[in-house]
Amino acid sequence: MLLPITLTLAAACAFVNLWLATRCVRIRMSAKTLHGDGGNPLLARRMRAHANFTEYAPMVLILFALVELALGSPLWLWIAACAFIIARVAHPIGMDGDSPSPARAVGPLLTWVVMAGLAVAALYAAYSATRAVPAPPALAAQV
């Protein structure tokens, strides 16, 4: 079973994760900071942006995989995947500044919209009245 949207999104997330890591490593190397943020405010913000990505990406990837398994690969799911990646790139760019920015606001907001939309789609797929749901084999044998 091939999940083209989830696989594409997972690859994109891997590249974003590597990009976020290299942003931190560049500062660590130039500042000779081995552990923590070393009191460097830009490194602290970049570390937090990287951590924020790792907090959201796994749940969203799981939702994408399950929704794609249940509903197939509709266009809206491709659009949601693109929106998620845009959000996850915008957020750390916005975090680089000392003051609020549109990118920092759009990143989390768009992430939440995508996650909430996927949660609704998952509930729809799970409880849609138009599908016949067979009993699990272990329960079917007892009946």
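Residues numbered from 1 in each chain as written. Predicted model: local features only at pLDDT ≥ 70, side-chain atom pairs only at ≥ 80, totals over all residues. Heavy atoms only, no water.

Caption draft 1: Layout of the overall build of the protein chain. Counting its secondary structure elements, the protein chain contains five helices and zero strands. Each helix and strand of the protein chain, ordered N terminal to C terminal, gives the series α-α-α-α-α. Here the protein chain holds 143 residues, and the buried ones make up 33% of them. Considering only residue pairs separated by 6 or more positions, the protein chain has 67% of its internal contacts joining residues 24 or more positions apart. Put simply, the protein chain shows about 8600 Å² of open surface, and 74% of that area lies on carbon and sulfur atoms. (Helix = DSSP H or I, 4+ residues; strand = E, 2+ residues; numbered from the N terminus. Buried < 20%, exposed > 50% of the residue type's maximum accessible area, 1.4 Å probe, protein only. Contact = heavy atoms within 4.5 Å. Areas by Shrake-Rupley, 256 points an atom, 1.4 Å probe, with all protein chains shown as cover.)

Caption draft 2: Spotlight on the environment of threonine 54. Positionally, threonine 54 belongs in helix α2 (residues 41-71). Overall, the relative accessible area of 44% leaves threonine 54 in the partly exposed class. On a C-alpha basis, the gap between threonine 54 and cysteine 13 in space is 9.5 Å, while along the polypeptide they are 41 residues apart. There is a polar contact of 2.8 Å between the side chain of threonine 54 and the backbone oxygen of alanine 51. (Polar contact = N/O pair within 3.5 Å; in protein donor to acceptor, adjacent residues only side chain to side chain.)

Caption draft 3: Unusual backbone geometry, seen in detail. In this structure, lysine 32 is a non-glycine residue whose phi angle is positive, near 55°. On the secondary structure map, lysine 32 appears in the loop between α1 (4-31) and α2. Assessed through its relative accessible area of 74%, lysine 32 is described here as exposed.

Caption draft 4: Broad picture of the packing of α2 against helix α4 (residues 102-127). In contact at an axis separation of 9 Å, α2 and α4 are set at 35° when each is read in the N-to-C sense. Crossing hand, α2 versus α4: left-handed. Listed contacts from α4 to Tyr56, Met59, Val60, Leu63, Phe64, Val67, Ala70 and Leu71 of α2 are Thr111, Trp112, Val114, Met115, Leu118, Ala119, Ala121, Ala122, Tyr124 and Ala125. In terms of residue class, the contact of α2 with α4 is made up of 17 nonpolar, one polar and no charged. (Axes fitted to C-alpha atoms, helices over the stretch in contact; angles between N-to-C directions. Left-handed = near helix turned anticlockwise from the far one by under 90°. Nonpolar A, V, L, I, M, F, W, Y, C, P; charged D, E, K, R; others polar.)

Interpretation in functional terms is not warranted from these geometric data alone.
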